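Residue strings, one per chain:
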Amino acid sequence: MPQVQELDLVVVRFAGDSGDGMQLVGDQFTTTCSMMGDDVATLPDYPSEIRAPAGTVFGVSGFQVCFGNSGVHTPGDRVDVLVAMNPAALKTNLQYMKPNGLIIANEDAFVARNLEKAGYASNPLEGADLANYRVCRVKIAQITQKALEGSGLSPKQIDRCKNFTALGLTYALFNRSKEYTQKWIQKKFGAKPEIHQANVKAFEAGLNVGQEGDLFPCTYQIRKGKRAPKPGNYRQVTGNSATALGLLAASRRAELPLFLGSYPITPATDILHELSKHRGIVTILQAEDEIAAIGATLGAAFGGALAVTTTSGPGFSLKSEFMNLAVMVELPMIIVDVQRAGPSTGLPTKTEQSDLLQALYGRHGESPIAVVAASSPRDCFDASIEAARIALKYMTPVVLLSDGYLGNGAEVWRVPALTELPDLRVRQRTNPEGFLPYERDPQTLARPWAVPGTPGLEHRIGGLEKAERTGQVSHDPVNHEKMVKLRAEKIARIAQDIPATQVYGNPKAELLVLGWGSTQGVIRQAVESLNAQGVPVACAHLRHLNPMPADLGALLKKYPKVLIPELNMGQLWYRIRAEYLLDVERLNKVQGQPFRADEIESKIKSMLGVKS
């Protein structure tokens, strides 16, 4: 039997053709780790092409998972184990490997035709190219074929099962439980007995080969954490599923019907898919285009629902006119933007944080909108509830920013009880006595929410400027200026509900790393690593981007140096410099990939004059 070594943290990447099922096996591996009590973070990384030629570097699909006993902030910087199903998968992912990392290569695929497609002049498994790594050559295709002899499946069908053989190998390497995947295979393929049995046999064949001891002289398992997790029910969620669940929970806590008006777009479509599972408690309109989707959403807000529309960058651009109308009529609405790399169609399956300035300013006229950003897949739940709270309390549209990295990534999440969530109930106006549609709450400046059909509350609504209090159409220049300032002041007053900015890290630090959105995990990892090395650094993270926390300016001025890492060309950096007149540093990356912690660490060391 192989020796078993305990580890605190491991990074595994599955890579192969788009048709090799790497996303499926990566998701299964992640689910099993979650069910076994590990903390996890994932990075699905697949091509934008619908189906690139098989065996080429353009068609490589990858799935990276980092799992450990605690403190998993990111999917990992460097890969400990790479499962490469063909030469192209090896070539595109070798750059992510740690020195002396383990490569499990599907030897059957390293034939002349595939080597040529991947751009190899010779077989890398046979030369010195991989001398810095441990290479495990496995005939995954042959193992699958032997396991499925007599199955009655065609050679093509048999070949499609090799991803489960590879999954079985990794389960053996990391001593994973097979129970959860076996149940999933039964649930997924139970209606097709021959496919069900084939996948089970392929999975167990890989597991058996890996457990024999000849292939892996040493296997691994995660060392038990020192601290037990908080009691409760836990499940694995992606950012998109957490967003959907957060919207459902907000609807319950607000005691309002939930409406989703949406048009499918990568990478936001899974929110639509998740909410479609709950049609009994949510009304869904899959509209003919992005403009119709947000138009229907605004109509639902007028009708008294918690109204949501979901999209990504290109759709967000199309929705701007109706967002402006929502600002003018002052109705609560949530616009979820799962950002992707742009401009235009850009890189639809890759991540970026490049819609911030559009969310803040991308409308004509003076059109202030509240902007909230999620910071992790599980935080998408809490950010959705916060967006709903602001929208309902202040009678305003709210932009909720996520991105492809968060939306598709997965984490373990503790399911809260409804009673743990804030009370979001609002009082819709029903009394006609003294009713004025643009009378304002003295604290929030929110106008009354008068649902159409309520007797005595008939009022005018539309995109033309409103007279103060009465809401009648007004072309008076002085009134227009007053209304513009009132709408801006209403958004500014949201800051009174934003908690003080939390700072993590060394209290004696001279450098603060400020982030927003999906950079939180990697910033925390970099700061913790540097503090452990004796380099004093601190960090803070922004959820509220408009308005920003009231204490932020004073906080930033306490630090001689401030660094803002962003997956864009410096959009928060521009905002901070303009708002607070501070000379802050920036670190930008626009490669469709999230930051690695070592990239941020290197920048911090250079700013502090610390040698690497």
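Cut-off values and rules
Residues numbered from 1 in each chain as written. Predicted model: local features only at pLDDT ≥ 70, side-chain atom pairs only at ≥ 80, totals over all residues. Heavy atoms only, no water. Helix = DSSP H or I, 4+ residues; strand = E, 2+ residues; numbered from the N terminus. Rg over C-alpha atoms; globule rule 2.2 N^0.38 Å. Buried < 20%, exposed > 50% of the residue type's maximum accessible area, 1.4 Å probe, protein only. Contact = heavy atoms within 4.5 Å. Lys, Arg positive; Asp, Glu negative; His and termini not counted. Charge placed at Lys NZ, Arg CZ, Asp CG, Glu CD. Pairing = 2+ DSSP bridges. Axes fitted to C-alpha atoms, helices over the stretch in contact; angles between N-to-C directions. Parallel < 35°, antiparallel > 145°, perpendicular 65-115°, else oblique. Left-handed = near helix turned anticlockwise from the far one by under 90°. Nonpolar A, V, L, I, M, F, W, Y, C, P; charged D, E, K, R; others polar. Domains from an automatic or database assignment. Buried area = accessible area lost by both parts, 1.4 Å probe. Salt bridge = Lys/Arg side-chain N within 4 Å of Asp/Glu carboxyl O. Polar contact = N/O pair within 3.5 Å; in protein donor to acceptor, adjacent residues only side chain to side chain. Expected span 1.5 Å × (residues − 1).

Novice: Any chance you could break down the overall build of the protein chain for me, citing the residues and the numbers?
Specialist: The helix and strand inventory of the protein chain stands at 21 helices and 22 strands. Relative to a compact globule of 612 residues, whose C-alpha radius of gyration would be 25 Å, the protein chain shows 26 Å and is just as compact. For the protein chain, the spread of C-alpha atoms along the principal axes amounts to about 85 × 60 × 45 Å. Across the 612 residues that make up the protein chain, the buried fraction comes to 57%. Considering only contacts within the protein chain whose residues lie at least 6 apart along the sequence, 75% involve residues at least 24 apart. Both charge centroids of the protein chain, one from 66 positive and one from 62 negative side chains, sit 2 Å from each other.

Novice: Outline the sheet that holds strand 14 (residues 370-373), supporting the account with residue identities and numerical values.
Specialist: Taken together, 7 strands build an open sheet; the order of strands is 11-10-12-13-15-14-20 and the sheet is mixed. Only two strands of the sheet have a single neighbouring strand rather than two, namely strand 11 (282-286) and strand 20 (544-546). For this sheet, the mean inter-axis angle between neighbouring strands, taken without regard to orientation, is 20°. Relative to strand 15 (residues 397-403), strand 14 runs parallel, the two sharing 4 bridges. For A373, the partnering residue across the bridge sits in strand 15 and is L401. Taken strand by strand, helix 11 (residues 290-302) contacts strand 10 (258-262), strand 11, strand 12 (306-311) and strand 13 (333-339), and its axis lies near 165° from that of strand 12. Of the strands in this sheet, strand 12, strand 13, strand 14, strand 15 and strand 20 touch helix 15 (residues 379-394), which is tilted by about 165° from strand 15.

Novice: For the packing of helix 6 (residues 162-173) against helix 7 (residues 179-189), give the residues involved together with the corresponding values.
Specialist: Put simply, helix 6 and helix 7 touch, their axes get as near as 13 Å, and they point 160° apart. As judged from the angle between their axes, helix 6 and helix 7 are roughly antiparallel. As helix 6 runs across helix 7, the sense of the crossing is right-handed. Residues F164, L167 and Y171 of helix 6 touch helix 7, and the partners they reach there are T181, W184, I185 and F189. Among the residues making up the contact of helix 6 with helix 7, the classes are represented as 6 nonpolar, 1 polar and no charged.

Novice: Outline the domain arrangement of the protein chain, listing residues and values.
Specialist: Domains assigned within the protein chain are domain 1 (3-222), domain 2 (231-497) and domain 3 (503-608). Here the C-alpha centroids of domain 1 and domain 3 sit 36 Å apart. Each partner contributes residues to the interface: domain 1 has 7 residues there, and domain 3 has 10 residues. With both chains or domains summed, domain 1 and domain 3 bury close to 750 Å², and 46% of this area falls on carbon and sulfur atoms. Of all residues in domain 1, H73, T74 and D77 bury the most surface against domain 3, accounting for 65% of the area lost on that side. Between the two partners, domain 1 and domain 3, sit 0 salt bridges. If you look at where domain 1 meets domain 3, you find 5 residue pairs in polar contact (both at pLDDT 80 or more). Residue composition of the side of domain 1 that touches domain 3, grouped by class: 2 nonpolar, 2 polar and 3 charged.

Novice: How would you summarise unusual backbone geometry if you had to cite specific residues and measurements?
Specialist: With an omega of 0°, the peptide bond running from T266 to P267 counts as cis. Within the secondary structure layout, P267 lies in the loop between strand 10 and helix 10 (269-276). In this chain, N546 is followed by P547 through a cis amide linkage whose omega measures -5°. Phi angles above zero are rare outside glycine, and N100 is one such case at about 70°.

Novice: Which residues make up helix 11, and what are the values?
Specialist: The end-to-end C-alpha separation of helix 11 is 19 Å, in line with the 18 Å expected for 13 residues at 1.5 Å each. For helix 11, the set of buried residues is E290, A293, I294, G295, T297, L298, A300 and A301. Summarising the contacts, the buried residues of helix 11 are in contact with strand 10, strand 12, helix 12 (313-318), helix 13 (320-329) and strand 13. With a side-chain oxygen positioned 3.1 Å from the backbone nitrogen of I291, the residue opening helix 11 is D289.

Novice: Please give an account of the side chain of D38 that cites residues and values.
Specialist: Its place among the elements puts D38 in the loop between helix 1 (22-35) and strand 3 (39-45). Using a relative accessible area of 8% as the deciding quantity, one classes D38 as buried. A polar atom in the side chain of D38 sits 2.6 Å from the side chain of R176. In contact with D38, not counting residues within four places along its chain, are C33, F67, G68, R176, I222 and V412.

Novice: Before we move on, could you go through the pattern of salt bridges and cite the residues and values that matter?
Specialist: In total, this model carries 36 salt bridges according to the counting rule given. Salt-bridge contacts for E330 lead to K490; the nearest nitrogen and oxygen are separated by 2.8 Å. Of this pair, E330 sits in the loop between helix 13 and strand 13 while K490 sits in helix 17 (residues 477-492); the two residues are 160 residues apart in sequence, bridging distant segments of the chain. Measuring nitrogen to oxygen at the nearest pair gives 3.0 Å for the salt bridge that ties E489 to R493. A relative accessible area of 34% places E489 in the partly exposed class. Taking relative accessible area as the criterion, R493 reaches 25% and is therefore assigned partly exposed. Sharing partners across several salt bridges, the network here consists of E107, E126, R137 and K139.

Novice: Break down the packing of helix 4 (residues 140-147) against helix 6 for me, with residues and values.
Specialist: Viewed as axis vectors pointing N to C, helix 4 and helix 6 meet at an angle of 110°, and their least axial separation amounts to 9 Å. As judged from the angle between their axes, helix 4 and helix 6 are roughly perpendicular. Packed against helix 4, whose contacting residues are I140, I143 and T144, the element helix 6 presents K162, T165, A166 and L169 at the interface.

Novice: Before we move on, could you go through the sheet that holds strand 22 (residues 585-588) and cite the residues and values that matter?
Specialist: The mixed open sheet is built from 5 strands, whose spatial order is 17-19-18-21-22. The sheet terminates laterally at strand 17 (503-505) and strand 22, the two strands that pair on one side only. Each strand axis lies, on average, 25° off the axis of its neighbour in the sheet, ignoring direction. Pairing analysis gives 3 bridges linking strand 17 to strand 19 (residues 538-542), with the strands arranged antiparallel. The residue bridging G505 from the neighbouring strand is A538, located in strand 19. Together, strand 17, strand 18 (511-516), strand 19 and strand 21 (561-566) form the strand contacts of helix 18 (residues 520-532), whose direction differs from that of strand 19 by roughly 170°. Across the sheet, helix 21 (residues 597-608) lies against strand 18, strand 21 and strand 22, angled at about 155° from strand 21, the strand it touches most.

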